[in-house]
Amino acid sequence: MEKKTYIALKELSDLHEKKPGLFPVFSRITKIDGQLVGEVKSYSDEYGKPVQIEKMYH
């Protein structure tokens, strides 16, 4: 079973500061405990091209 990754929408700016040029692509956005949270399907660059995190940051 694949491990799902979730990002709180209010933390997107922190992600951008830590990893500029990396944008999450959400498969769905839900509300958990009053906070919007996105289920990450994949990541893309600033042009919408798919990115593998391992290649970009390791």
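Our structure's up above, just so we're on the same page.
Every chain begins its residue count from 1, and numbering advances along the sequence as written. Totals for whole chains, interfaces and linings use all residues, but because this is a predicted model, local features are given only for residues with pLDDT of at least 70 and pairs of side-chain atoms are given and counted only at 80 or more. Calculated side-chain values reflect all of the structure's heavy atoms, with hydrogen atoms and water omitted.

**Student:** Where do I start with the overall build of the chain in this structure?
**Tutor:** A run of H or I in DSSP counts as a helix once it spans at least four residues, and a run of E counts as a strand once it spans at least two, with each numbered from the N terminus. Assigned secondary structure in the chain consists of 2 helices and 4 strands. If you list the helices and strands of the chain from N to C, you get β-α-β-β-β-α. Residues counted as buried form 24% of the 58 residues belonging to the chain. Contact between two residues is taken to exist if any of their heavy atoms lie within 4.5 Å; hydrogens are not considered. For the chain, the proportion of contacts with a sequence separation of at least 24, taken over those separated by at least 6, is 38%. With the model as given, the accessible surface of the chain reaches about 4,800 Å², and the carbon-plus-sulfur share is 52%. We call a residue buried when its accessible area falls under 20% of the maximum for its residue type, exposed when it is over 50%, and partly exposed in between, using a 1.4 Å probe and counting protein chains only. Note on areas: Shrake-Rupley with a 1.4 Å probe; residue coverage comes only from the protein chains shown.

**Student:** Is there a simple way to explain the side chain of D45 in this structure?
**Tutor:** Looking at the secondary structure, you find D45 in the loop between β3 (35–44) and β4 (50–51). K49 provides the closest opposite charge to the buried, unpaired D45, separated from it by 5.4 Å. N or O atoms within 3.5 Å of each other form a polar contact, as long as, within protein, one can give a hydrogen and the other can take it, and as long as residues adjacent in sequence are counted only when both atoms are side-chain atoms. At a separation of 2.9 Å, a polar atom in the side chain of D45 contacts the main-chain amide nitrogen of Y47. This count recognises Lys and Arg as positive and Asp and Glu as negative, with His and chain-terminal groups excluded. Here, a salt bridge means any Lys or Arg side-chain nitrogen found within 4 Å of an Asp or Glu carboxyl oxygen.

**Student:** Even after reading the chapter, I still don't get unusual backbone geometry, so can you show me in this structure?
**Tutor:** Working note: non-glycine residues mostly have negative phi, and peptide bonds are mostly trans. With phi around 50°, D33 is a residue other than glycine that occupies positive phi space. Tracing the chain through its elements places D33 in the loop between β2 (23–32) and β3.

**Student:** Hey, could you run me through the environment of Q35 in this one?
**Tutor:** Here Q35 lies in strand β3. The class for Q35 is partly exposed, based on a relative accessible area of 26%. Taking the C-alpha atoms as reference points, Q35 and A8, 27 residues apart in sequence, are found 7.1 Å from one another.

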